[in-house]
Structure formats: C-alpha cells, structure tokens
Amino acid sequence: MPDTARTRPLAPRDRSTPPARAGDVRVPTDRPALVGAAELLVALSHALDLTEGAPPGHTLRSCVLGMRLAAELGLDDETRAALYYALLLKDAGCSANAARMSELFGTDDRVAKPRMKLADANDRVRLALETWRTVAMGRGLRLKVRHMLGIARGGAVTEGLIRTRCERGADIAGRLGFPAATCDAIRALDEHWNGNGQPAKLAGEAIPLLARICNVVQVVDAIAVVQGADEALRVVRQRSGTWFDPALARRVLGWRGDARWWTRTVHEGVESHVAALEPAAGRRMLDPLGVERVARAFADVVDAKSPFTYRHSVNVSAWAGAMARAAGADDATVGHVVVAGLLHDVGKLGVSNLILDKPGALDAAEREAIEAHPLHTWAIVSRIPALAEVARTAALHHEKLDGSGYPWGVGAAELDRWARVLAVAEVHEALTADRPYRAGIPRDQVLRMLERDRGRTLDGEALDLLAAIDPASVH
C-alpha cells in the first residue's frame, strides 16, 4: 500500500475575495428549512481539526476508517449510528483544555496536542524525550527546563487535561441528543487496552467497543496522513495489546493490501463519502431550532478555548438576536442572526492560545493570525449550503463601514443590515464583558464610546437598536 500524501490544508477564502453580497438577507418563511445533522457536523468537524492541531480532514477520514471497522465487525445499524456520531464529535471537548495545555507546555496548543497525544506513555524514555522536544518550542533552554519541571511537579496534570477534554466532549454529545453509547465512546476515547490510558484507566473489554474503535482509527489517520500508511500500520502492530484491542488491530492490519480503497478514502471526496456512510437508524434532519442547538454547542466549544472569551459567542448572539427582534425581523430572520452570532468566532479555534491568551500587545505576526479568524469562519460555515447567508453574516463581524475592518476591508456597500448589527453586538459584548485581566466597562460608558464611531465605522441604526434594549431582557 503506498504512502498517503499530506492533504491540502483547509483553505480560507483569499482576503481579496470576500463573500459576495446577495442583498439583505431574506430568510424563507413558507416552510421550515431542514438540514441534515450529518451535513452540519461534517462541515463543523473542520473546526475541531483546527483546534486539535490535527491534519485537515482528520475527523472525516477517521469516520471513514471507523465505519469500515464497524462493517467488518457486523455491528447492527443502531450501534453503527452511535459510532458514526461519536467519530464526528470525538474531539468536541478538545478546546476545553487548550488554554491549560498552552500554559503548561509553553508551546502553541495546536502543536503540543497532536505530538503528546501520539506519544507512547508505555515508553517512559520516549515520552520524556517527546515532552522535551515539545515544551517551549523555539523559546530557549531556560524556558524549556522551567516547563519540564512544571510538568514533572504537576503529577496528575495530564490526567486532568484528558478528563476535562473527554467529559466536555461527552457532555456536548449528550446535549445534542445522541445516545449514551456515543457519549460513552467519547468519554473513553483515550483509554488504552492495557489500562495505562486516561482518564479512568479502564482496561480490556471494560473500555466500550466504540471507544476502542475510535482510538485506533484516529491514531491510524493522524500518522498515515503525515508519515504514510506503512508507518501507521507499523504503530498499530507495535501497540497492539497495549494501546489497542488486539482483535481490532488485526482487522486494521488486514487493510494493508487495499491500496485503492485507502487512496480513495484520503484523496477523493471524503465529505461526500462520510455523508453516504450515515446509518439509516441514526439519520436525523434538523429544523431551525435543531440547527441553533448544534450552533450553540459549537459556540460553547469556541468560548471554552480561552478564559478571555468565556461566553463571548453566546452573549454576542443574544445581543444580536435581541437587536434583530427590536428591528421587527420575523422569527426566521432572527434565527439567522442568532446562529450567525453563535458561529461568528468558530474560526478562532484555529488560533494559538499563546496568542489568544497573551497578556501584552500582539506583534505583527500575531495580529495577522488573529485577523485571519473570520477567513476560517467563512471557510467552515460556508461548506453548509443551507447556511450560506449565515456564513456571510458571521464572517463579516469585524468589517467596518469605512473599509477599515478586517480581513477583507470591505465597506458600507458590502455590509447588509444584519452584518452591521452583528458587528455592533460583537464590539459591545467585547467591551462590556468581564475578562480575567479587567472588569467589563459599564454599558453607559460603552454606548458613549460607540457613538463616536456612528456612521464612520459602525451603523447608526444598529447603534440605536442596541441603545434601546434593556440588558435584563438579553441575559
């Protein structure tokens, strides 16, 4: 079987080509728009890959690998459905430990996470060496030593990081209405066959079968897409009986001769492939409230990434929705604005916590990374045809009337009413919210500050809508 090449990264739209304006948003009201849950999660899985530092498309390829295992094992339709959604949501809790991971290792969390996730804890020497290579990358010997000592003194720190991640992911799956088997698989994702995994140190068949499947396929993909399939299978063989269920490892090793299937999985239409694999027993269509529920879950994923943005997406959405209602928008349009608010910062999952949590001023490169996050928001949300206009509104939240915003620098002619509303809601929430480094600025003072930008960078109607809202009605 030939090595698999690294896939092309998820490419945000070029800064020179902002989302085309199709006029002010007109949301159809004659019938509820139904969106497939799988379609929504397939698109949003790219956000999870970003924050986990995984190779682009990792979640989807893991799903294809896992569903092949399910077919070979003869799992029934209901069990395969539980596995399918566990594979799409396996990293839903990954942002919850990002800030602590970045602080502990002194390295970009998106770099530290995949390196340490694949490090073999059964080999203490190699684990220590990989930890040394990962801490304070590019930041000097003194800092490396300091972070190594901090990790050594931390004791159960690693267990705590993994527990936070797994419990948060299982909780999100449960909130979205997926079965207990899906939640249990996510909760036990990092348990190992020999009992040396985390967080509960389950062993053998005490680990749910679906978790064992998720574990082996995520490792196979993470290694294969970077180092080639032969290396991935070597690791499976080496860790059979320690990390992996030996019976599952044998099944995976049997794929060695199926080069055509492997190549198609990695290179040819993985999104449509994953959509086609959805078991009929788990197929669900989401009405607007169901879409909002998923968007709210992903807003929590975004807001959990940094203590500096706690509840930011949720609060921006609440203010923007209240402003849309005050403007007399119908329920469908208010729903559009609410979902845009919930998803507007999903692109921040691709920004290092070393930047998001930096206490001082950002340098030019860091500022560029921050200003790229709406590009990622657009690249992710626009993959969902039913949310095309939501994606546009969400992606334009840092643009200004005079063209001084980012990332595209578009002006008033390109900003529809709801993009303008969301921009005002975003800056209002950012200024009034409490942050670890400062208390929120009083609302009256913020309103006066925003008035200085009326008609220049911020829309006057949106400012009037904001000022007329009673804060008690929003929270």
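Before going into details, it helps to say that this report is about the structure given with it.

For the protein, the count of helices and strands is 24 helices and two strands. The C-alpha atoms of the protein give 23 Å as radius of gyration, which agrees with the globular expectation for 475 residues (23 Å, within 12%). Taken over the C-alpha atoms alone, the protein extends approximately 65 × 60 × 40 Å along its principal axes. Evaluated residue by residue, the protein yields a buried proportion of 55% over its 475 residues. Intrachain contacts of the protein at a sequence separation of at least 6 include 71% that bridge at least 24 residues. Put simply, the protein shows about 19500 Å² of open surface, and 53% of that area lies on carbon and sulfur atoms. Taking the average place of the 61 positive charges on the side chains of the protein and the average place of its 60 negative ones, the gap between the two points comes to 5 Å.

On to the pattern of salt bridges, then. In total, this model carries 38 salt bridges according to the counting rule given. Asp-108 is paired through a salt bridge with Arg-110; the nearest N and O atoms lie 2.6 Å apart. Asp-108 sits in the buried class, given a relative accessible area of 14%. Lys-358 is the partner of Glu-366 in a salt bridge, and the nearest nitrogen-oxygen pair spans 2.7 Å. In this structure Lys-358 comes out as partly exposed when scored by relative accessible area, which is 28%. In the salt-bridge network here, residues are joined through shared partners; they are Glu-52, Lys-90, Asp-91, Lys-113, Lys-117, Arg-165 and Asp-190.

Mapping Val-338 onto the fold places it in helix H17 (residues 331-343). When its relative accessible area of 8% is taken as the criterion, Val-338 is described as buried. Along the chain, Val-338 and Glu-292 lie 46 residues apart, while their C-alpha atoms are 7.7 Å from each other. Dropping the residues within four chain positions of it, Val-338 is found in contact with Glu-292, Arg-296, Ser-317 and Gly-321.

In the structure shown here, the tally under the stated rule is four cavities of 30 Å³ or more. Of the voids in this model, the second largest cavity is the one considered here, and its volume is about 50 Å³. By residue class, the composition of the lining of the second largest cavity is three nonpolar, three polar and four charged.

Let's shift gears to the packing of helix H16 (residues 312-326) against helix H24 (residues 460-468). Two packed helices can be described by the angle between their axes and the distance between those axes. Axis separation between H16 and H24 bottoms out at 9 Å; the angle between their running directions is 100°. On the basis of their axis angle, the class for H16 and H24 is roughly perpendicular. Together, Trp-319, Met-323 and Ala-326 of H16 and Ala-462, Leu-465 and Leu-466 of H24 make up the contact between the two elements. Among the residues forming the contact of H16 with H24, the class breakdown is six nonpolar, no polar and no charged.

Relative to each other, helix H2 (residues 58-73) and helix H10 (residues 209-227) sit at 130°, their axes nearing to 9 Å. When the axes of H2 and H10 are compared, the pair comes out oblique. You can see that H2 and H10 cross each other, and the crossing is right-handed. Contact residues: H2 offers His-58, Arg-61, Ser-62, Leu-65, Gly-66, Leu-69 and Leu-73, while H10 offers Ile-213, Val-216, Val-217, Gln-218, Val-220, Asp-221, Ala-222 and Val-225. The class makeup of the residues in the contact of H2 with H10 is nine nonpolar, four polar and two charged.

Tallied over the entire structure, the rule returns three aromatic pairs. Judged by centre distance (5.1 Å) and plane angle (85°), the rings of Tyr-84 and Tyr-85 are edge-to-face. Just as Tyr-84 is buried, Tyr-85 falls in that class too. The structure contains a cluster of three or more aromatic residues connected by ring pairs, namely Tyr-84, Tyr-85 and Phe-178. Note that Arg-239 overlies the ring of Trp-243, its terminal NZ or CZ placed 4.3 Å from the centroid.

To continue, consider the side chain of Arg-212. Among the secondary structure elements, Arg-212 is positioned in helix H10. Here Ile-207 takes part through its backbone oxygen, which lies 2.9 Å from a polar atom of the side chain of Arg-212. A polar atom in the side chain of Arg-212 sits 2.7 Å from the side chain of Asp-245. Excluding residues that lie within four positions of it along the chain, Arg-212 makes contacts with Trp-193, Gly-204, Glu-205, Ile-207, Asp-245 and Leu-248.

Cut-off values and rules
- Residues numbered from 1 in each chain as written.
- Predicted model: local features only at pLDDT ≥ 70, side-chain atom pairs only at ≥ 80, totals over all residues.
- Heavy atoms only, no water.
- Helix = DSSP H or I, 4+ residues; strand = E, 2+ residues; numbered from the N terminus.
- Rg over C-alpha atoms; globule rule 2.2 N^0.38 Å.
- Buried < 20%, exposed > 50% of the residue type's maximum accessible area, 1.4 Å probe, protein only.
- Contact = heavy atoms within 4.5 Å.
- Areas by Shrake-Rupley, 256 points an atom, 1.4 Å probe, with all protein chains shown as cover.
- Lys, Arg positive; Asp, Glu negative; His and termini not counted.
- Charge placed at Lys NZ, Arg CZ, Asp CG, Glu CD.
- Salt bridge = Lys/Arg side-chain N within 4 Å of Asp/Glu carboxyl O.
- 1 Å grid on protein atoms, 1.4 Å probe; cavity = no way out; pocket = protein on both sides within 12 Å on 5 of 7 lines; lining within 4 Å.
- Points joined across faces, edges and corners; volume = space filled by probe spheres on them.
- Nonpolar A, V, L, I, M, F, W, Y, C, P; charged D, E, K, R; others polar.
- Axes fitted to C-alpha atoms, helices over the stretch in contact; angles between N-to-C directions.
- Parallel < 35°, antiparallel > 145°, perpendicular 65-115°, else oblique.
- Left-handed = near helix turned anticlockwise from the far one by under 90°.
- Phe/Tyr/Trp six-rings, centres within 6.5 Å; stacked < 30°, edge-to-face > 60°.
- Lys NZ or Arg CZ within 6 Å of the ring centre and 35° of its normal.
- Polar contact = N/O pair within 3.5 Å; in protein donor to acceptor, adjacent residues only side chain to side chain.

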